[in-house]
Amino acid sequence: NGGLSGEESDSIDWSEDESETKNFGFSTASSVTTPGGEASSGGEWIKPSSSIGPSKSKLIHHFVGMGFPEKLVAKAIEENGEGNTESILETLLTYSALEDSTHPQQLEDSSQDEQDTRSDDYSSDYEEGVLQDLSDIDSGPEIEDNVENMSDREKKILALADMGYTVEEASIAIDRCGLECSLLELTDFICAAQMARAADPQYRDYSPKHKPKNLFDHKKRKHYQRDLLERKKQKKLLNGDDETIRLPNPMIGFGVPNETFPIVHRTIPEGAIGPPYFYYENVALAPKGVWDTISRFLYDVEPEFVDSKYFCAAARKRGYVHNLPIQGRYPLLPIPPCTIHEALPLTKRWWPSWDERTKLNCLQTVIGSAKLTERIRKALERWDGEPPLQVQKFVLDECRKWNLVWVGRNKVAPLEPDEVEMLLGFPKNHTRGGGISRTDRYKSLGNSFQVDTVAYHLSVLKEMFPNGITLLSLFSGIGGAEVALYRLGIPLKAVVSAEISEVNRNILRSWWEQTNQKGELIHIADVQQLNGDRLEQLIASFGGFDLVVGGSPCNNLTGSNRVSRDGLEGKESALFYDYFRILDLVRCIMGRK
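Residues numbered from 1 in each chain as written. Predicted model: local features only at pLDDT ≥ 70, side-chain atom pairs only at ≥ 80, totals over all residues. Heavy atoms only, no water.

The name given to the protein chain in an unreviewed UniProt entry is DNA (cytosine-5-)-methyltransferase, with Dillenia turbinata as the source organism. Comment text from UniProt for the protein chain, heading Subcellular location (unreviewed entry), reads "Nucleus". The heading Sequence similarities (unreviewed entry) in the UniProt record of the protein chain holds the text "Belongs to the class I-like SAM-binding methyltransferase superfamily. C5-methyltransferase family." (UniProt positions renumbered as here; feature names shortened; annotations may be inferred.)

Novice: Looking at this model, I keep getting lost on the packing of aromatic side chains. Mind explaining?
Specialist: Centre-to-centre distance and the angle between the planes together describe a pair of aromatic rings. In the structure shown here, the tally under the stated rule is 14 aromatic pairs. When the centroid spacing of 5.8 Å and the interplanar angle of 85° are considered together, the rings of Trp-354 and Trp-406 count as edge-to-face. With a gap of 52 residues between them, Trp-354 in the loop between helix H13 (340–343) and helix H14 (370–381) and Trp-406 in strand E4 (residues 405–408) connect regions that are remote in the sequence. The pair formed by Trp-354 and Trp-406 is uniform in burial state, with each residue classed as buried. Residues Trp-511 and Trp-512 carry aromatic rings whose centres are separated by 6.3 Å and whose planes lie at 65° to one another, so their mutual orientation is edge-to-face. Here Trp-511 matches Trp-512 in class, with each residue buried. A network of ring pairs unites the aromatic residues Phe-278, Tyr-280, Phe-297, Tyr-299, Phe-576, Tyr-577, Tyr-579 and Phe-580 as a single cluster. For Arg-587, the ring lying beneath its charged end belongs to Tyr-299, and the centroid distance is 4.7 Å. (Phe/Tyr/Trp six-rings, centres within 6.5 Å; stacked < 30°, edge-to-face > 60°. Helix = DSSP H or I, 4+ residues; strand = E, 2+ residues; numbered from the N terminus. Buried < 20%, exposed > 50% of the residue type's maximum accessible area, 1.4 Å probe, protein only. Lys NZ or Arg CZ within 6 Å of the ring centre and 35° of its normal.)

Novice: Sorry, what's going on with the UniProt feature "active site" (unreviewed entry) in the protein chain here?
Specialist: Per the UniProt annotation, the sites labelled "active site" (unreviewed entry) are Cys-554. Here Cys-554 shows up in the loop between strand E9 (547–550) and helix H23 (576–592).

Novice: Which parts of the structure should I look at to understand the sheet that holds strand E8 (residues 520–524)?
Specialist: Two orientations exist for strands paired in a sheet by backbone hydrogen bonds: parallel and antiparallel. Across the sheet, which stays open at both edges, the 7 strands sit in the order E2-E3-E1-E9-E6-E7-E8 with mixed pairing between neighbours. One side of each edge strand has no neighbouring strand; the edge strands of this open sheet are strand E2 (304–307) and E8. Taken over all neighbouring pairs, the strand axes of this sheet differ in orientation by 20° on average, direction set aside. With 6 bridges joining them, strand E6 (residues 469–474) and strand E7 (residues 492–498) adopt parallel strand pairing. Along E7, the bridge assignment pairs Ser-473 with Ser-497. Running at roughly 175° to E8, helix H21 (residues 502–514) makes contact with E7 and E8 of the sheet. (Pairing = 2+ DSSP bridges. Axes fitted to C-alpha atoms, helices over the stretch in contact; angles between N-to-C directions. Contact = heavy atoms within 4.5 Å.)

The structure is reproduced here in structure tokens:
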């Protein structure tokens, strides 16, 4: 729920994929096979090396050989620099995607303003953690969910298929070069093999002779996806599916306010019945089997999956495992604004009719950069009236990705920290209390609970504990659970907070003092310091804990973490087992007493 003890670690830089290809250059081959054409020799392929930097002319020749127009290649190189070959390729891919629905002259004129930005999309202050933060975005089309479930190998095959290479070529390149190789290394290998085949008739022909005519053969991609998904379904039918927990649609858990749903009755396993009560949270979109494991360790309690868009104006898909009653819940009052225009009324004046968003996506630890918003402004100012569809799509994709809102004519901007606080249910300036920077405020907020959602689940505790509650808060972050209980009117008799981030501890301490809490707040820097002896002492001091709440790190669970999405075995997300260890110790110690 914060820092290493939340959804993000200070020790991990998720932007490595952006720079992993900077240490090698392109082939010095003078010709390659172009889509729809035959390979021709004329140059010797040289293994990519950090010591060989491609000249501008060779770069242009290389990308033109891949089928891109020379003018667009020159533009892309000028925008990204000669050394950043990965960004050049991605920019060219964007140009080509836009070209499908744009007149070539329009594309040439507006390519600078309409390009799909990559490395400049977010402020450099927030590079750390950007990938996992984007995993909770509502993408809409069902095909995105299918792609998310594919392996890294399958995703790379699809990427190469997008570039016009055959599935066979892509598969053999991955087998020869290794799965860890970048797309640029794989394309170099394929091009070199094509040249060798053209130069030597005896060369083993490992790929079909006919290439697709269109560099972006979307029909081919969809056909491959359907074929791949069909094979996966058949495999499941043959081998069985050992995953029993599935995400519901809609994601309303055991019920949400103002939504009609069937009455739910659930039975808590005997070994899980409270007190003490427990409440565990993590990202809903975790790798296969993770929630089965979490449920199994937490006494076989069924998870409750809820999207916070039913409680506020922003989505936040989370899973909760708890042994709380589900009857008699009630929402916090006043009911928070549940649409963008209700939450941010000043944006309504500038909101274009073609932007049909009513909800924001998951609030992140990162924000869109000034450079990105400036590019969007320039792309829109080119058109007097409503921009063409491809420009609308570019703008809307970026607005959804970075939660940009309209603040002027043709002008979008990221949310301010106090707006994020409001959307997440925290009091205004909650994160300013620790005396921290804007960067730290976004980071701390992006890793927090959505207070209104959590308060709805915890509301049943008010009648149970009219004189107050003793709370053990693990991975406390900025105190989402504490704020929720306080807003429900449940006195906090004592709170033992385990949180590794000093920034977050300062925020919680400041809130505690500003709200004149009468109870005792004890900070522990690391959950691993909570062993049996320490818990014995705390339980003896306070007479036990009424509630054990926490959300362990999701670093290794999020779908966009392509570096170390290792599930509960990952370095950070393995801290879930500390949550279970501590909870089980508390239950055992209190059971003896």
